[in-house]
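# Fold and contact review
Next come the chains, spelled out residue by residue.
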Protein chains: 2
Amino acid sequence: MNVQHYLEDLSVGQRFDAGPITLDPQAIKRFAAEFDPQPFHLDDVAAHDTLFGGLAASGWHTAAMTMRLLVECGFKPVGGVIGAGIEELQWPKPTRPHDTLSIEAEILELRTSQTRPERGMAKVRVTTLNQSREVVQSYVGNLVIRRRPLLPHTGSPIR
Amino acid sequence: MNVQHYLEDLSVGQRFDAGPITLDPQAIKRFAAEFDPQPFHLDDVAAHDTLFGGLAASGWHTAAMTMRLLVECGFKPVGGVIGAGIEELQWPKPTRPHDTLSIEAEILELRTSQTRPERGMAKVRVTTLNQSREVVQSYVGNLVIRRRPLLPHTGSPIR
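Residues numbered from 1 in each chain as written. Chains lettered and ligands numbered in written order. Predicted model: local features only at pLDDT ≥ 70, side-chain atom pairs only at ≥ 80, totals over all residues.

### Structural notes on the overall build of chain A
Scanning chain A from terminus to terminus reveals four helices and five strands. Along chain A, from the amino end to the carboxyl end, the secondary structure elements read β-α-α-α-α-β-β-β-β. Along the first, second and third principal axes, the C-alpha set of chain A runs to 70 × 30 × 25 Å. Taking all 159 residues of chain A together, 33% fall into the buried category. (Helix = DSSP H or I, 4+ residues; strand = E, 2+ residues; numbered from the N terminus. Buried ≥ 20, exposed ≤ 12 C-beta atoms within 10 Å, placed from the backbone.)

Quick look at the structure:
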């Protein structure tokens with residue numbers, strides 16, 4: 001059974017991980033053909049003479065695979081993983097064909113909403129690593145997290 | 001013929017646009033099944049009872065479509081559109097089935113590299129709008145841009 005998390009169930013410093021998943025070269029080219037049609041994402045030979053020096057996944061493909069791993073990890077906000085925004089998204093190294101990617105997610109900050117008492121926000125650092133434990137992507141996500149509903153009349157949280 | 005841009009060909013305040021492209025509901029579900037398998041991205045009925053109140057595209061799908069439009073717009077750095085990182089990625093409104101998306105890209109800042117004389121960086125704000133001109137996504141991207149090669153001996157740029 002999956003435990004689901006309200007804001008009150010989470011704590012700063014809590015960590016979750018998921019993966020690995022392996023990145024197929026055909027998947028790199030298929031994503032690129034639809035969303036990022038540039039030579040270094042589409043064609044092994046043409047990619048040689050580019051800044052990447054060989055085929056590399058679109059950064060947005062790495063970001064999308066990271067989301068898949070985030071949905072699969074043990075972090076299960078009630079109502080789903082819903083991002084309001086992302087800070088400091090970086091791709092320090094390219095993702096290559098046959099790389100196997102894993103993620104680590106760490107809760108950096110939790111706060112309640114001033115205007116929406118039924119929800120709060122979690123700031124979560126999400127780091128994507130390849131099989132050599134090199135960071136291929138990192139960001140800090142701001143996620144909407146539901147608060148535990150209060151019991152009517154008493155104002156105490158329902159347990 | 002496409003003009004290609006070196007750093008020296010770009011200027012702060014320069015703007016580019018592209019679109020519209022229409023977002024098919026099947027494309028929303030297909031992307032979600034692969035990368036963001038949550039009810040509000042997968043199933044019209046299940047999406048009703050979520051924060052989104054109806055089917056919505058994954059934010060990463062909006063980001064990927066934005067990249068497609070960025071590759072198609074008139075901004076053509078020599079060597080391609082290569083992002084080092086993204087700041088302040090926000091999704092102020094969901095992207096819905098049948099939305100038609102356009103982008104506006106504006107150059108905010110241009111600088112040369114201290115360590116790599118052959119390249120520089122452009123800071124570019126990329127805004128994604130729907131058919132009602134509502135902002136569905138915005139970010140500031142830091143892109144790697146090649147500098148115009150210098151003539152040997154003279155040190156003057158090749159024109």
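### Comments concerning the sheet that holds strand β3 (residues 100-112) of chain B
Taken together, 10 strands build an open sheet; the order of strands is β1(A)-β3(A)-β4(A)-β5(A)-β2(A)-β2(B)-β5(B)-β4(B)-β3(B)-β1(B) and the sheet is antiparallel. Whereas interior strands pair on both sides, the edge strands pair on one side only; in this sheet they are β1 (15-22) of chain A together with β1 (15-22) of chain B. Averaged over all neighbouring strand pairs, the angle between strand axes comes to 25°, with direction disregarded. (Pairing = 2+ DSSP bridges. Axes fitted to C-alpha atoms, helices over the stretch in contact; angles between N-to-C directions.)

### Some points on the pairing of strand β2 (residues 82-90) of chain B
Here strand β2 (residues 82-90) of chain A runs beside β2 of chain B; their pairing, made up of four bridges, is antiparallel. Within β2 of chain B, the position partnered with L89 of chain A by the bridge is I86 of chain B. Sheet analysis places β2 of chain B next to strand β5 (residues 135-146) of chain B, joined by six bridges and oriented antiparallel. Note that in β5 of chain B the partner of G85 of chain B across the bridge is N142 of chain B.

### A look at the interface of chain A and chain B
Facing the 29 residues of chain A at the interface are 29 residues of chain B. Secondary structure elements with two or more residues in the side of chain A that touches chain B: α4 (59-72) and β2 of chain A. Classifying every residue of the side of chain A that touches chain B gives 16 nonpolar, nine polar and four charged. (Contact = placed C-beta atoms within 7 Å. Nonpolar A, V, L, I, M, F, W, Y, C, P; charged D, E, K, R; others polar.)

### Section: the relation of the copies chain A and chain B
Overlay of chain A on chain B (RMSD 0.0 Å): rotation 180°, translation along the axis 0.0 Å. The two molecules are tied by a two-fold rotation axis, judged by turn and shift. If distances are taken from each C-alpha of chain A to the rotation axis, the shortest is found for E87 of chain A, at 2.7 Å. A symmetric contact is evident, with 100% of the interface residues of chain A recurring at the interface of chain B. (Least-squares fit on C-alpha atoms with pLDDT ≥ 70 in both.)

### Here's the deal with the environment of L55 of chain B
Residue and element names in this part refer to chain B. Along the chain, the position of L55 falls in the loop between α3 (44-47) and α4 (59-72). A residue is classified by how many C-beta atoms lie within 10 Å of it, and L55, with 24 of them, is buried. Residues L55 and D43, 12 residues apart in the sequence, show an inter-C-alpha distance of 6.6 Å. Here L55 is in contact with P25, I28, F40, D44, A47 and P97, once residues within four sequence places are set aside.

### Some points on the confidence of the model for chain A
Averaged over all residues, the pLDDT of chain A equals 93, while 93% of them reach at least 70. The ipTM, which scores confidence in the relative placement of chains, is 0.92 for this predicted complex, and the corresponding pTM is 0.93. (pLDDT = per-residue confidence, 0-100.)

### Some details on helix α1 (residues 25-35) of chain B
If you check which residues of α1 of chain B are buried, you get I28, F31, A32 and F35 of chain B. The buried residues of α1 of chain B all sit within an arc of 100° when viewed along its axis, so they share a single face. Of the exposed residues in α1 of chain B, those oriented more than 90 degrees away from the buried face are Q26 and A33 of chain B. In the core, the buried residues of α1 of chain B are packed alongside α4 of chain A together with α2 (39-42) and α4 of chain B. (Arc of directions from axis to C-beta.)

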